[in-house]
Amino acid sequence: MIDAILVLNAGSSSIKFALYPVASEPRNPLIRGKIEGIGRAPKFHATNVQGLKMDDGMLASIDKSSSHGVLTTQLLDWLEQHDEGYKITAVGHRVVHGGRYFSKPVRIDKGILKELGALISLAPLHQPNNIAPIESLLKRDGRILQVACFDTAFHRTQPRLNELFALPRRYADEGVIRYGFHGLSYQYIASVLPEYLEEQAEGRIVVAHLGNGASLCAMRTRKSVATSMGFTALDGLMMGSRCGNIDPGIVLFLMQDRGMSADQIQNLLYNESGLLGVSGISNNMLALLESSSIEAKEAVDLFCYRAACEIAALLVPLRGLDAIVFTAGIGENSAAIRAQICGHLDWLGIDINVDANNANSRIISRGKSRITVSVIPTDEEGVIAEATRAILRDDGQRGKS
Ligand code: ADP
């Protein structure tokens, strides 16, 4: 039996997972996979450490209506009965909202679970999906170590001014502040910055996490000082199907003039806007780049323009800029998007090396560029595995003393 740490990243209709050995700290997990289409037509796929597709025997036991919780216990059963014989010693969870006070990973017990539940109103679309696997694993085997790693935690170093909205102050007291998200991705990038940028790593850096969801983080000395996402993961950049920063008066207009309900507006802003809404074609950047339609081009242009505007806004909290880092699906893979965003910022002295950019190289700016531009693949699962391993190690040491 190989002792292993399971990392779970539960989204609205999917559970991504990765399995790591307890004993070592490899960059590549033993198994990586995903259950998608939850609630509709679930599909399971997994690859092993060599990148080979694994036996999908688990598919047979997936019920169409299975919930996140049920599927999580089935996944553990599948892993434990697997030929290799993995013993899941601990499970690390990505939890979207840690509120104001969770600024680092925590061991989950019944008290913590209650606190996570109390944060549901701050992230009603995401937090319940994160909590369901935790609850079902507690029922399956209460002795297994479970750790919550928060997307908001990395931003708890932001100064108060960046957290405040210009609303009556009682709202801030009640928790209506800028929390920021994608913190596990930013934490990973912060941890490897010196490998890419050497001494510049401690300087003034904007990290652009451009995936289906997209946000920016301004870092100084590798800590968050500002971020583009706010109270919810709707704010800031234009995204795959989320609107990003819009005039809040539009919400009033939709309610008062168009008679839309809160649920309808929520669906519009989260699921029908962004690249999908503007193009009318797709939320998928690759599909839009390959399309010849004028609407697709306008959606891509708006995405890049908005991203550049938001990057420029972060120069105020940073008081300048030394480097930009691109990461996540679009940031890591699309030379065209990086070139277009940097083109809007050429007045800052950004000079892109076209060949390096086309090759997705580690550094894509020329030597004489006033600002260094880098591409760094992110690894949120690795961050969660490492945090879970650290708590396991503490337990082991406490057991010995
Ligand atoms: P998620 O937020 O779901 O984790 P990802 O980080 O996987 O998203 O990013 C998904 C996005 O990355 C999609 O819009 C996809 O089209 C885009 N993407 C992936 N590869 C490329 C590429 N080569 N060029 C442009 N966009 C790409």
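One can find the structure itself at the top, above this paragraph.
For clarity, every value in this text was computed on a predicted model and none was experimentally measured. (Residues numbered from 1 in each chain as written. Predicted model: local features only at pLDDT ≥ 70, side-chain atom pairs only at ≥ 80, totals over all residues. Heavy atoms only, no water.)

Turning to the side chain of Glu332, a few remarks are in order. Note that Glu332 resides in helix 13 (residues 328-333). Arg338 is the oppositely charged side chain nearest to the buried, salt-bridge-free Glu332, at an N-O distance of 8.3 Å. In contact with Glu332, not counting residues within four places along its chain, are Thr327, Arg338, Asn360, Val375, Ile376, Pro377 and Thr378. (Helix = DSSP H or I, 4+ residues; strand = E, 2+ residues; numbered from the N terminus. Buried < 20%, exposed > 50% of the residue type's maximum accessible area, 1.4 Å probe, protein only. Lys, Arg positive; Asp, Glu negative; His and termini not counted. Salt bridge = Lys/Arg side-chain N within 4 Å of Asp/Glu carboxyl O. Contact = heavy atoms within 4.5 Å.)

Let us now look at the environment of Asp77. Take Asp77: it is sitting in helix 1 (residues 68-80). Of the residues examined, Asp77 reaches a relative accessible area of 31% and is grouped as partly exposed. Between the C-alpha atom of Asp77 and that of Arg169, which follows or precedes it by 92 residues, the distance is 49 Å.

In terms of nonpolar packing, the biggest core is built from 62 residues, with Leu116, Leu210, Phe303, Ile324, Ile341 and Ile350 touching the most fellow members. Among the elements that line this core, the one with the most residues is helix 11 (residues 294-313), at eight residues. Beyond its immediate chain neighbours, meaning those up to four positions away, Phe303 contacts Leu210, Met238, Leu275, Met285, Ile330 and Ile337. (Core = buried A, V, L, I, M, F, W, Y, C linked by side-chain atoms within 4.5 Å.)

Here we take up a nonpolar patch on the surface. A cluster of nonpolar side chains, contributed by Val278, Leu302 and Tyr305, occupies part of the molecular surface with about 230 Å² of accessible area. With respect to the helices, strands and loops of the structure, Val278 is situated in helix 9 (residues 274-279). For Val278, a relative accessible area of 31% corresponds to the partly exposed category. (Patch = residues over 30% accessible without salt bridge, like charges linked within 9 Å, V, L, I, M, F, W, Y side chains within 5 Å. Areas by Shrake-Rupley, 256 points an atom, 1.4 Å probe, with all protein chains shown as cover.)

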